[in-house]
Amino acid sequence: ATPTSIMAGSGRAAEFGILFKGGEHLETTHHIDTVIVDKTGTVTNGKPELTDIVVASGIGEEEFLSLIGAAEKQSEHPLAEAIVKGIQDRGILLKGVQSFEAIPGYGVKTVVDNKEILVGTRKLMNSYNVDILNILPVMEELEANGKTAMLASIEGQYAGLVAVADTVKETSKKAIKRLHDMNIEVIMMTGDNQRTATAIGREVGIDHVIAEVLPEGKAEEVKKLQAAGKKVAMVGDGINDAPALAVADIGMAIGTGTDVAMEAADITLIRGDLNSIADAIIMSHKTMRNIK
Ligand code: ADP
Ligand code: MG
């Protein structure tokens, strides 16, 4: 391999906003046959907005939102930010929080106004024996529309649900099609639930979806594919994605994402447009052809 053509290839890629950390990654990229994309902030814009509020009987909407908003105010999760913003935009004041615990991949557990408040997934509710049977059809309907619905309980009783929607990047669908046309398998991986993930996947043409992956599980999924002989590129933006970006044959971080993701990755895609994935692979092919 001539260093000159690698240098030229890296330089050309950089002009397209594709930053290779080292020449060896340009060589590895050429062997990629499987691309895993994170959902939130990678396939989607990552700016969820509060769209739906459903309150259980026996509690007023304002009371409900002031408790839920307080609980989520302590969380740094993008979903929490969307919930808090949506509540504050409705002019509702938040109550004071006495304690807060983030449960990664599940939600939050807090004490607000001397009441224990949980907000998060079905599994979170199930693990605290909160009866959510009646609300499940409503939740499933929201999820089938690509929304992320989160359940809330107050003192162990189901109290309501909030849903947020994130929009897919307008470039994602075409970018996925380009990868498929290059015979590259594309998989979307997310901590979000199966139904929401499937709906978003359908919107952008990805039929292989791995959902409900816990934060520490993303790297494991990459290793499983590698053990099956795949050469895997992982594309992500979040702190949660960092271990998977590091383990993958090639890690590609979205330039608009977290610094942690960019540090763990081999390539930074400055533009945040998934077309850069195909561009990077094509450039690596061209470079390797010049070398041989
Ligand atoms: P993602 O890959 O979507 O960032 P996470 O692993 O962070 O997924 O979270 C998985 C799921 O856990 C979310 O879809 C949501 O249902 C729930 N969850 C996580 N954090 C919170 C939170 N602060 N409030 C409510 N629900 C949450
Ligand atoms: Mg993300």
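Asker: Residues and numbers for the coordination of the magnesium ion (ligand 2), please.
Answerer: Ideal donor angles around a metal are set by the shape: a four-donor tetrahedron calls for 109.5 degrees, a six-donor octahedron for 90 or 180 degrees. Coordination of the magnesium ion (ligand 2) by the protein involves Asp38 (OD), Thr40 (O) and Asp237 (OD), with metal-donor separations of 2.0 to 2.2 Å. Mapping the donors of the magnesium ion (ligand 2) onto the primary sequence gives the spacing D-x1-T-x196-D. Placement of the pair is Asp38 in strand S2 (residues 34–38) and Asp237 in the loop between strand S11 (232–236) and helix H11 (242–247), with a sequence separation of 199 residues. Take Asp38: its relative accessible area is 4%, and that puts it in the buried class.

Asker: So, helix H7 (residues 136–144): which residues are in play, and what are the values?
Answerer: Residues spaced three or four apart along an α-helix face the same direction, because each turn holds 3.6 residues. Every buried residue of H7 is accounted for by Leu136, Met139, Leu142 and Glu143. Burial along H7 is one-sided: seen end-on, the buried residues are contained in an arc of 125°. Facing away from the buried side of H7 by over 90 degrees, the exposed positions are Pro137 and Glu141. Summarising the contacts, the buried residues of H7 are in contact with strand S3 (49–55), helix H6 (122–127), strand S7 (148–154), strand S8 (157–165) and helix H9 (194–204). Once H7 finishes, Gly146 follows within two positions and takes phi at roughly 85°, a positive value.

Asker: An account of the domain arrangement of the protein is requested, with residue identities and associated values reported.
Answerer: Domain annotation for the protein reports domain 1 (3–45 + 168–291) and domain 2 (49–165). The centre of domain 1, based on its C-alpha atoms, is set 32 Å off from the matching centre of domain 2. The interface of domain 1 with domain 2 comprises 10 residues on the first partner and 12 residues on the second. Taken together, both faces of the contact between domain 1 and domain 2 bury some 820 Å²; the carbon and sulfur share is 52%. The largest share of the area that domain 1 buries against domain 2 comes from Arg195, Thr196 and Leu214, three residues that together contribute 47% of it. Viewed at the interface, domain 2 and domain 1 are joined by 3 salt bridges. Taking the shortest distance from any N to any O, the salt bridge between Glu140 and Arg195 comes out at 3.8 Å. Remark: the boundary between domain 1 and domain 2 carries 5 residue pairs in polar contact (both at pLDDT 80 or more). Tallying contributions element by element places H9 first for the side of domain 1 that touches domain 2, with 4 residues.

Asker: Mind laying out the pairing of strand S6 (residues 115–120), listing which residues take part and the relevant values?
Answerer: Across 6 bridges, the pairing between strand S5 (residues 107–112) and S6 is antiparallel. By the bridge assignment for S6, Gly107 is matched with Gly120. As consecutive antiparallel partners, S5 and S6 are separated by 2 residues, and within that stretch Asp113 has a phi angle of approximately 55°, a positive value. Both S6 and S7 contribute to a ladder of 4 bridges, which runs antiparallel. Each bridged residue has a counterpart across the sheet, and for Val119 the counterpart in S7 is Ala152.

Asker: Account for the site of ligand 1, naming residues and giving values.
Answerer: For ligand 1, the set of nearby residues contains 19 residues, the closest of which are Glu72, Ser75, His77, Gly105 and Gly191. Side-chain polar atom of Ser75 to a nitrogen atom of ligand 1: 3.2 Å apart, as the coordinates give it. In the model, an oxygen atom of ligand 1 is placed 3.2 Å from a nitrogen or oxygen of the Gly105 main chain. Computed on the free molecule, ligand 1 has an accessible area of 550 Å², of which 92% lies beneath the protein chains in the complex. Elements with a contribution of two residues or more to the shell around ligand 1: helix H5 (78–89), S5, S6 and S7. In terms of residue class, the shell around ligand 1 is built from 6 nonpolar, 11 polar and 2 charged. In terms of domain composition, the shell around ligand 1 takes at least three residues from each of domain 1 (3–45 + 168–291) and domain 2 (49–165).

Asker: Residues and numbers for the nonpolar core, please.
Answerer: Residues Val35, Val37, Val235, Met252, Leu274 and Ile277 are the most contacted members of the largest nonpolar core, which totals 35 residues. No other element matches helix H13 (residues 275–291), which puts 5 residues into this core. Ignoring sequence-local partners within four residues, the contact set of Val35 consists of Leu179, Ile184, Glu185, Val186, Ile187, Ala233, Val235 and Ile277. Ile59, Leu67, Ile117 and Val164 belong to the second largest nonpolar core, which has 22 residues in total.

Reading guide: rules and limits
Residues numbered from 1 in each chain as written. Chains lettered and ligands numbered in written order. Predicted model: local features only at pLDDT ≥ 70, side-chain atom pairs only at ≥ 80, totals over all residues. Heavy atoms only, no water. Donors = N, O, S within 2.8 Å, 3.2 Å for Na, K, Ca; no water. Helix = DSSP H or I, 4+ residues; strand = E, 2+ residues; numbered from the N terminus. Buried < 20%, exposed > 50% of the residue type's maximum accessible area, 1.4 Å probe, protein only. Arc of directions from axis to C-beta. Contact = heavy atoms within 4.5 Å. Domains from an automatic or database assignment. Buried area = accessible area lost by both parts, 1.4 Å probe. Salt bridge = Lys/Arg side-chain N within 4 Å of Asp/Glu carboxyl O. Polar contact = N/O pair within 3.5 Å; in protein donor to acceptor, adjacent residues only side chain to side chain. Pairing = 2+ DSSP bridges. Near = heavy atom within 4 Å. Areas by Shrake-Rupley, 256 points an atom, 1.4 Å probe, with all protein chains shown as cover. Nonpolar A, V, L, I, M, F, W, Y, C, P; charged D, E, K, R; others polar. Core = buried A, V, L, I, M, F, W, Y, C linked by side-chain atoms within 4.5 Å.

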